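Here is how the chains run, residue by residue.
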Amino acid sequence: MSDSEVQGPYDLSYREDTPRIRTREGVELYYESSGEGPAITLLNNFFITAPFWRAHTEALVENHRVVSYDLANHGKSSRLDREPTWEEHAADVIGLLDGLEIESTYLVATSASSQLARDVALAHPDRVKGMVMAGPVFGLRNMRRHRMLNRSWLLTLQTHGMAQLYSQIYAEVVSGEMNEEGGTPGFLGFRESFLAMSTPEELVNGLTLVQTGDPSSGLLSRVTAPTVIYLGDDDILLSPQRGHDVAALFQNGRCEIVPNAGHVPFLDDPEGFQTVIHKLVEEVEARV
């Protein structure tokens, strides 16, 4: 069942009995860990929180250890005087793995967090077994298009507020198919969840950070971890052919195209999303 069939909001409640993990000075991260087996670590973009992933990992937890967490300065993790840099967010990933005694993991990223996954894989190749990037923000010639899109979202947020930002993002990110199937109930159900997961300040911080970091597409050729680009054929940033072209920039990359899916393709096909992750894990684990 696709999320276009979901009429109400997500269950975004937090597990209050979960201890935080200290990752560096002044930073403790809220996390959730479910299941046993090879570890899969989910990297949030700046619009979602850890509980959001439960609805998209129900099959994975049957055979894997699935870890989700809130980024520092977001959700239930530590509040800081300033937004962390990409390098600090990457250090938090490693600190989280250390705190959970996870030697190496598979990273799953969505949209802007594909940049974080790339940075972790480059800085700590021994800790990353493989990656799945859903709707990545990379292009063949750097990341200019993505950053322009984020600047437009930031301007909408600062000028018109969260509700108008949601309307813009929904039209641009959600697939045309899901928009038609979900209709007004789907639009309103997602809006309630969207408004509950982030504050305006958090989104300003995140959208501002997205404008930074090294945008060079040449960095992808240095990534050694097997990488799957999981791309909707209705993605706002990449066409299917461009998705295959970007995947070819990785040392060991491939692209999986999701029919009738948008920039967040696991919304359109949660089962297929989990199947792709499971397949990558099986392939890599078979070589060990």
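Predicted model only: the values in this text are computed from it and were never measured.

Analysis parameters
- Residues numbered from 1 in each chain as written.
- Predicted model: local features only at pLDDT ≥ 70, side-chain atom pairs only at ≥ 80, totals over all residues.
- Heavy atoms only, no water.
- Helix = DSSP H or I, 4+ residues; strand = E, 2+ residues; numbered from the N terminus.
- Rg over C-alpha atoms; globule rule 2.2 N^0.38 Å.
- Buried < 20%, exposed > 50% of the residue type's maximum accessible area, 1.4 Å probe, protein only.
- Contact = heavy atoms within 4.5 Å.
- Axes fitted to C-alpha atoms, helices over the stretch in contact; angles between N-to-C directions.
- Left-handed = near helix turned anticlockwise from the far one by under 90°.
- Nonpolar A, V, L, I, M, F, W, Y, C, P; charged D, E, K, R; others polar.
- Core = buried A, V, L, I, M, F, W, Y, C linked by side-chain atoms within 4.5 Å.
- Phe/Tyr/Trp six-rings, centres within 6.5 Å; stacked < 30°, edge-to-face > 60°.
- Lys NZ or Arg CZ within 6 Å of the ring centre and 35° of its normal.
- Expected span 1.5 Å × (residues − 1).
- Parallel < 35°, antiparallel > 145°, perpendicular 65-115°, else oblique.
- Polar contact = N/O pair within 3.5 Å; in protein donor to acceptor, adjacent residues only side chain to side chain.
- Pairing = 2+ DSSP bridges.

Draft legend 1. View of the overall build of the protein chain. When its secondary structure is counted, the protein chain shows nine helices and nine strands. Relative to the compact-globule value of 19 Å for 288 residues, the protein chain shows a C-alpha radius of gyration of 17 Å, a close match. Projected onto its principal axes, the C-alpha positions of the protein chain cover 50 × 45 × 35 Å. In the protein chain, which comprises 288 residues, the proportion classed as buried is 56%. Nonlocal contacts in the protein chain, meaning residues at least 24 apart in sequence, comprise 77% of its contacts between residues at least 6 apart.

Draft legend 2. Up close: the packing of helix 4 (residues 162-173) against helix 5 (residues 176-197). At a minimum axis distance of 11 Å, the contact between helix 4 and helix 5 shows a crossing angle of 145°. For helix 4 against helix 5, the interelement crossing comes out right-handed. For the pair helix 4 and helix 5, contact is made by M162, A163, L165, Y166, S167, I169 and Y170 and by M178, N179, G186, F187, F190, R191, F194 and L195, respectively. Class assignment of the residues belonging to the contact of helix 4 with helix 5 gives a composition of eleven nonpolar, three polar and one charged.

Draft legend 3. Examining the nonpolar core more closely. Ranked by internal contacts, the top residues of the largest apolar core, which has 90 residues, are F47, Y69 and L116. Those residues in contact with Y69 that lie beyond four places of it in its chain are L29, Y30, Y31, T41, L42, L43, N44, A50, V93, L96 and L116.

Draft legend 4. A look at the packing of aromatic side chains. Evaluation of the coordinates by the stated rule reveals 17 aromatic pairs. Ring plane angle 20° and centroid distance 6.5 Å describe the contact between W53 and F273, whose orientation is recorded as stacked. With W53 in the loop between strand 4 (39-43) and strand 5 (65-69) and F273 in helix 9 (residues 270-287), this residue pair connects regions lying 220 residues apart in the sequence. F273 carries the same exposure label as W53, and that label is buried. Over the aromatic face of Y14 sits the side chain of K76, whose NZ or CZ is 5.6 Å from the ring centroid.

Draft legend 5. Just helix 9, in detail. Counted at 1.5 Å a residue, the expected span for helix 9 with its 18 residues is 26 Å, and the 27 Å between its end C-alpha atoms agrees. For helix 9, the secondary structure elements touched by its buried residues are strand 4, strand 6 (105-110), strand 7 (128-134), strand 8 (227-232), strand 9 (253-258) and helix 8 (265-268).

Draft legend 6. Examining the packing of helix 1 (residues 86-99) against helix 2 (residues 113-123) more closely. Where helix 1 contacts helix 2, the two axes come as close as 9 Å, and the packing angle between them is 70°. With respect to helix 2, the element helix 1 is oriented roughly perpendicular. In this structure, helix 1 meets helix 2 at a crossing whose hand is right-handed. On the side of helix 1, the interface is formed by W86, H89, A90, V93 and I94, while helix 2 contributes Q115, L116, D119 and V120. Residue composition of the contact of helix 1 with helix 2, by class: six nonpolar, two polar and one charged.

Draft legend 7. A look at the side chain of S78. Relative to the assigned elements, S78 resides in the loop between strand 5 and helix 1. Take S78: its relative accessible area is 16%, and that puts it in the buried class. Within polar-contact distance, the side chain of S78 engages the backbone nitrogen of E28 at 2.7 Å. Not counting the four nearest positions on each side in its chain, S78 is found in contact with G26, V27, E28, A72 and N73.

Draft legend 8. Summary view of unusual backbone geometry. Positive phi is not limited to glycine here, since N73 has a value of about 80°. Positionally, N73 belongs in the loop between strand 5 and helix 1. Phi is positive for E101, which is not a glycine, with a value near 55°. Mapped onto the secondary structure, E101 falls in the loop between helix 1 and strand 6. Here E101 falls in the exposed class, since its relative accessible area comes to 73%.

Draft legend 9. Up close: the pairing of strand 4. Counting buried positions over the five residues of strand 4 gives five, a clear majority of the element. What you see with strand 4 is no split at all: A39, T41 and L43 on one side and I40 and L42 on the other are buried throughout. In terms of strand pairing, strand 4 meets strand 5 through four bridges, oriented parallel. Each bridged residue has a counterpart across the sheet, and for A39 the counterpart in strand 5 is R65. Note that strand 4 and strand 6 share four bridges and pair parallel. The residue bridging L43 from the neighbouring strand is A109, located in strand 6.

Draft legend 10. Spotlight on the environment of E58. Tracing the backbone shows E58 in the loop between strand 4 and strand 5. Residue E58 is classed as exposed on the basis of its relative accessible area, which comes to 56%. When the C-alpha atoms of E58 and H146 are compared, they prove to be 30 Å apart, with 88 residues separating the residues in sequence.

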